[in-house]
Amino acid sequence: MIDLHTHSTASDGTETPAALVGSAATAGLDAVALTDHDTTAGWDEAAGAARQRGVVLVPGIEVSCARGSRSVHLLAYLPDPAHPVLVAELARARESRDTRLDRMVEKMAADDIPVTVEAVRAEVRPGATPGRPHIADALVRGGVVSHRDEAFARWLGDDSPYYVTHYAPDPVRAVEVVRDAGGVAVIAHPHSRTRTGTVGDELVEEMAAAGLAGVEVHHRDHDPEAVAHLCRLAEALGLLVTGSSDYHGAGKRNRLGEHTTDPATLAAIEERAGGSEVVRP
Ligand code: AMP
Ligand code: ZN
Ligand code: FE
Ligand code: FE
């Protein structure tokens, strides 16, 4: 079983990279990709755990991108984590996420929602990529809501008045940067519904022309219609099809291995990659 999309405490997951790899072994996964938002900070710890636990680790990143007001997530597998342009893009996104988190919390506090910048900061592990789930965690810890889901439903959704955007590269440029860094680019959950709707076929085509390698088709945000549509699109554009859980530990209901990718597809990703190596036990 292969699961190519998970998050650890290096971004907004609730398990450390080592614990996540342990959970992957327990769940019976043969291979897992660690794809934290805009960072490679969890890779080394996950690699050590993978060797110990007998799980194959695919180092990855979920790169935040935006086209106008539309948010697009791009999975990058096996890029060189030291590639200067990639490093600079990720750092810029993380810094902007930092400022943005404070601005969201200030707007919420000004509206008498019981949350402070300090409480939210305390939920972010040193060096981790901050995100809205950390605001949710502060609200859970304060007993204001019972789960991240509730915080998102009430205050943190894409259409919330407290929502603030952050810097993110254009998706076509992100594909180019990932490729330059030797990585393999796969668009994440393109039919996830956000405030600006789903990612249109035209944008996927544009990204394909820039070197996109695949589409994450099998994902809990995709209904059967979306899956059928994206399968046809991938076929027409000659793109790989992946499936993944988008596991966030206890932070989301997604279970490891709830959607999977076939071994031939992982082999194709590995063959195209030139930036870093799959970690084998
Ligand atoms: P951000 O990266 O700060 O824009 O926050 C988006 C992150 O929040 C994504 O990684 C989602 O997985 C997570 N997220 C979105 N909706 C929910 C929800 N209802 N419950 C928990 N996490 C969520
Ligand atoms: Zn996340
Ligand atoms: Fe995502
Ligand atoms: Fe994700």
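Parameters at a glance
- Residues numbered from 1 in each chain as written.
- Chains lettered and ligands numbered in written order.
- Predicted model: local features only at pLDDT ≥ 70, side-chain atom pairs only at ≥ 80, totals over all residues.
- Heavy atoms only, no water.
- Helix = DSSP H or I, 4+ residues; strand = E, 2+ residues; numbered from the N terminus.
- Buried < 20%, exposed > 50% of the residue type's maximum accessible area, 1.4 Å probe, protein only.
- Contact = heavy atoms within 4.5 Å.
- Areas by Shrake-Rupley, 256 points an atom, 1.4 Å probe, with all protein chains shown as cover.
- Lys, Arg positive; Asp, Glu negative; His and termini not counted.
- Charge placed at Lys NZ, Arg CZ, Asp CG, Glu CD.
- Donors = N, O, S within 2.8 Å, 3.2 Å for Na, K, Ca; no water.
- Near = heavy atom within 4 Å.
- Polar contact = N/O pair within 3.5 Å; in protein donor to acceptor, adjacent residues only side chain to side chain.
- Salt bridge = Lys/Arg side-chain N within 4 Å of Asp/Glu carboxyl O.
- Tetrahedral: all angles 85-135°; square planar, octahedral: opposite > 155°, others 65-115°.
- Pairing = 2+ DSSP bridges.
- Domains from an automatic or database assignment.
- Buried area = accessible area lost by both parts, 1.4 Å probe.
- Core = buried A, V, L, I, M, F, W, Y, C linked by side-chain atoms within 4.5 Å.

Points about the overall build of the chain
Phase 1: Summing up its helical and strand segments, the chain has 10 helices and 7 strands in all.
Phase 2: Projected onto its principal axes, the C-alpha positions of the chain cover 50 × 45 × 40 Å.
Phase 3: A total of 281 residues make up the chain; the buried ones form 57% of that total.
Phase 4: Pairs at least 24 apart in sequence give 73% of the contacts found in the chain among residues at least 6 apart.
Phase 5: When the accessible area of the chain is evaluated, it comes to approximately 11,600 Å², of which 48% is carbon and sulfur surface.
Phase 6: Positive and negative charge centroids in the chain, built from 27 and 42 side chains respectively, lie 2 Å apart.

A closer look at the coordination of the zinc ion (ligand 2)
Phase 1: The protein atoms that coordinate the zinc ion (ligand 2) are D12 (OD), D12 (OD), H37 (NE2) and H248 (NE2), at distances spanning 2.0 to 2.6 Å.
Phase 2: Spacing between the donor residues of the zinc ion (ligand 2) along the chain follows D-x24-H-x210-H.
Phase 3: The metal-metal distance between the zinc ion (ligand 2) and the iron ion (ligand 3) comes to 5.9 Å. Residue D12 is found in the loop between β1 (2-3) and α1 (17-26), and its partner H37 is found in strand β2 (residues 31-37); the two are separated by 25 residues along the sequence. Like D12, the residue H37 is buried in the burial classification.

A look at the site of ligand 1
Phase 1: Around ligand 1 lies a shell of 13 residues, among which H37, R100, R132, D149 and K252 are the nearest.
Phase 2: With respect to ligand 1, the side chain of R97 contributes an N or O atom lying 2.9 Å from an oxygen atom.
Phase 3: Contacts to ligand 1 include H248, whose side-chain N or O atom sits 3.2 Å from an oxygen atom.
Phase 4: The fraction of the free accessible surface of ligand 1 (500 Å²) that becomes covered by protein chains is 83%.
Phase 5: Secondary structure elements with two or more residues in the shell around ligand 1: α3 (84-110), α5 (132-141) and α6 (148-156).

So, the side chain of S8
Phase 1: Along the chain, S8 turns up in the loop between β1 and α1.
Phase 2: Leaving out residues up to four positions away in the same chain, S8 has contacts with G13, E15, T16, P17, L20, L34 and D36.

Things to note about the pattern of salt bridges
Phase 1: Applying the stated criterion to the full structure yields 15 salt bridges.
Phase 2: Ionic pairing is found between D149 and R253, a salt bridge with its closest N-O pair at 2.8 Å. With D149 in helix α6 and R253 in the loop between β7 (240-243) and α10 (263-272), this pair connects stretches of sequence that are 104 residues apart.
Phase 3: You can call R253 exposed: its relative accessible area is 53%.

Examining the coordination of the iron ion (ligand 4)
Phase 1: On the protein side, the iron ion (ligand 4) has H5 (NE2), H7 (NE2), E62 (OE) and D246 (OD) as donor atoms, found 2.1 to 2.2 Å from it.
Phase 2: Geometry at the iron ion (ligand 4) is irregular, judged from its 4 donor atoms and the angles of 77 to 163° they form at the metal.
Phase 3: Spacing between the donor residues of the iron ion (ligand 4) along the chain follows H-x1-H-x54-E-x183-D.
Phase 4: The metal-metal distance between the iron ion (ligand 4) and the zinc ion (ligand 2) is 4.5 Å. Of this pair, E62 sits in strand β3 (residues 56-67) while D246 sits in the loop between β7 and α10, and the two are 184 residues apart along the sequence.

Topic: unusual backbone geometry
Phase 1: In this structure, L78 is a non-glycine residue whose phi angle is positive, near 60°.
Phase 2: With respect to the helices and strands, the residue L78 is situated in the loop between β4 (70-77) and α3.

Brief notes about helix α2 (residues 43-53)
Phase 1: Listed as buried for α2 are W43, A46, A47, A49 and A50.
Phase 2: Against α1, β2 and β3 lie the buried residues of α2.
Phase 3: G54, located one to two residues past α2, shows a positive phi value of around 75°.

Concerning the pairing of β4
For a regular strand, side chains alternate in direction, first toward one face of the sheet and then toward the other.
Phase 1: Across 8 bridges, the pairing between β3 and β4 is antiparallel. Opposite R67, over in β4, you have R70 as the bridge partner.

Thoughts on the domain arrangement of the chain
Phase 1: Domain assignment breaks the chain into domain 1 (2-91 + 166-272) and domain 2 (97-156).
Phase 2: Measuring from the centre of the C-alpha atoms in domain 1 to the corresponding centre in domain 2 gives 24 Å.
Phase 3: Counting residues at the interface gives 17 residues for domain 1 and 10 residues for domain 2.
Phase 4: Contact between domain 1 and domain 2 buries roughly 1,100 Å² in total, counting both sides, with carbon and sulfur atoms accounting for 42%.
Phase 5: Across the domain 1-domain 2 interface, the total number found is 2 salt bridges.
Phase 6: As a salt-bridge pair, R97 and D38 come within 2.9 Å of each other at their nearest N and O atoms.

Focus: the nonpolar core
Phase 1: Formed by 45 residues in total, the largest nonpolar core has its most connected members in L57, L74, I187, M207 and L212.
Phase 2: Residues A33, L78, A268 and I269 belong to the second largest nonpolar core, which totals 19 residues.

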